[in-house]
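Residues per chain, in single letters:
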Amino acid sequence: MDIKKLSQYLEDNKLPKFRLKQILKAVYQDSVSSFLEISTLAKDLREKIDKEFNILSFKPNEIQSDKKDGSQKVLLELKDGHAIETVLMPGSIDKHWTACISSQVGCPMGCSFCATGKIGFKRNLNYEEIIDQVLFWKQYLKKNKAEDTLSNIVFMGMGEPFMNWDEVSLAIKKLLDESLFNFSARHISVSTSGVADKIKKFAREFPQLNLAVSLVFPNDEERSKNMPVNKKYDLRELAQAINYYLQTTNRKIFFEYILFDGLNDREEDVTQIARFIANIEKKHLIHINLIRYNSTDTSFRPSSRERAEDFHKNLAKLKIASTIRKSVGGDINAACGQLAAKK
Ligand code: SAH
Ligand code: SF4
């Protein structure tokens, strides 16, 4: 919803300031799907606003559900004809959900293994398009699972959030705003492929949020080959930025490590991870999320379950904490790295 425009409209129509407050509360906290539902407003005002404004800045297509794990995905058609996807995933607590949201149409980073990377970069999303994905899932839960709540937000959909800093940081501010979404900072996570200067900025501006870094390859050679971001910010610079982050925030940091069969899932890769981590001062704050590769249109293959278990155990031997993450949404191409927004 365009809050500025709405505020101007109310002013032009000589309506008192508290009307805006009522509307914001109804839209962002009570998750109404239509202005017509806002019972605190007179009927004719509801109708006028409904004619002039849309709550959502895009047109949602039909929701796809993964019958096995309960995750859902939707394709959203933006005003200029582009499309993005967003995913709703069951949280770790019953009746609590996590929304995985996109920050760009496509992605400029070009990681070789990622379906979003494959479609290239179309444009940045504006903050409204980012937060409306959250609104969409809140409205959906209200209509379909009235007892459930949307409790967590992860910036792990399409795009590199730190390449769209201005709009992403505005969106985060709206998510935290007590008069709007009122999420707690600890329930929001941002994932980056390793844009080191923005990791530092994030530490300064949002020290209470969670940060995930897609490490994926433990040495510069393989990382640069598959993640072009490494040519700009290599592992040494990444480690420096992470040291700065840990010093500033004293929070846990998460590394995403996709396991590819025979490529980065061997014992020597565990040794190289340890070597990388040796450059980080507060090692106890590091946690590695191991994700077996979700197949997309590439020649990469996922490591076997056994291999993933061994990898996890070998990390533990070196006192490196890790968890093997279960992927959700595989049946509807909604898992990590599978979002391509094909209409
Ligand atoms: N661009 C940011 C945010 C997107 S998060 C980033 O890359 O961190 C998407 C996550 O899914 C990243 O950790 C990425 O490494 C991972 N990923 C990409 N393709 C994948 C795939 N096919 N299988 C599993 N994980 C994948
Ligand atoms: Fe972009 Fe992240 Fe995919 Fe890399 S993994 S192409 S940074 S979305």
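None of the values given here were measured: they were computed from a predicted structure. (Residues numbered from 1 in each chain as written. Chains lettered and ligands numbered in written order. Predicted model: local features only at pLDDT ≥ 70, side-chain atom pairs only at ≥ 80, totals over all residues. Heavy atoms only, no water.)

Caption draft 1: Broad picture of the pattern of salt bridges. Tallying each qualifying case throughout the model produces 13 salt bridges. Of the charged contacts in the structure, one is a salt bridge between Lys-68 and Asp-331, with a shortest N-O distance of 3.2 Å. A residue pair is termed long-range when its members are at least 10 positions apart, and Lys-68 in the loop between strand S2 (64-65) and strand S3 (72-78) and Asp-331 in the segment after strand S13 (322-325) qualify at 263 residues. We note that Lys-68, like Asp-331, is exposed. Asp-269 serves as the salt-bridge partner of Arg-266, at 2.9 Å between the closest nitrogen and oxygen. Judged by its relative accessible area of 27%, Arg-266 falls in the partly exposed class. Taken together, the salt bridges that share partners define one network made up of Asp-80, Arg-123 and Glu-129. (Salt bridge = Lys/Arg side-chain N within 4 Å of Asp/Glu carboxyl O. Helix = DSSP H or I, 4+ residues; strand = E, 2+ residues; numbered from the N terminus. Buried < 20%, exposed > 50% of the residue type's maximum accessible area, 1.4 Å probe, protein only.)

Caption draft 2: The arrangement of helix H3 (residues 43-52) in detail. Within H3, burial applies to Leu-45, Arg-46 and Ile-49. Mapping the buried residues of H3 onto a view down its axis gives an arc of 100°, with all of them on the same face. Exposed side of H3, more than 90 degrees from the buried face: Lys-43 and Lys-51 are the residues found there. Of the surrounding secondary structure, the elements contacted by the buried residues of H3 are helix H1 (3-12) and helix H2 (18-29). (Arc of directions from axis to C-beta. Contact = heavy atoms within 4.5 Å.)

Caption draft 3: Here's a closer look at the site of ligand 2. The environment of ligand 2 is made up of Cys-107, Met-109, Cys-111, Cys-114, Gly-117, Gly-159 and Ser-193. For the shell around ligand 2, the per-class residue count stands at four nonpolar, three polar and no charged. (Near = heavy atom within 4 Å. Nonpolar A, V, L, I, M, F, W, Y, C, P; charged D, E, K, R; others polar.)

Caption draft 4: The arrangement of the side chain of Gln-133 in detail. Note that Gln-133 resides in helix H5 (residues 127-144). The residues contacting Gln-133, other than those within four sequence positions of it, are Phe-58, Leu-76, Ile-84, Glu-85, Thr-86, Ile-101, Ser-102 and Leu-125.

Caption draft 5: Spatial organisation of the pairing of strand S10 (residues 210-214). For S10, the buried fraction is high: five of the five residues fall into the buried class. Alternating positions in S10 separate into two faces, Asn-210, Ala-212 and Ser-214 on one and Leu-211 and Val-213 on the other, with burial throughout. Taken together, strand S9 (residues 188-192), helix H7 (residues 196-205) and S10 form a β-α-β motif whose crossover is right-handed. As defined by bridge partners, S10 adjoins strand S11 (residues 253-259) across four bridges and the pair is classed as parallel. Looking at S11, one finds that Ser-214 is bridged to Glu-256. (Right-handed = clockwise from strand over helix to strand, strands pointing away. Pairing = 2+ DSSP bridges.)

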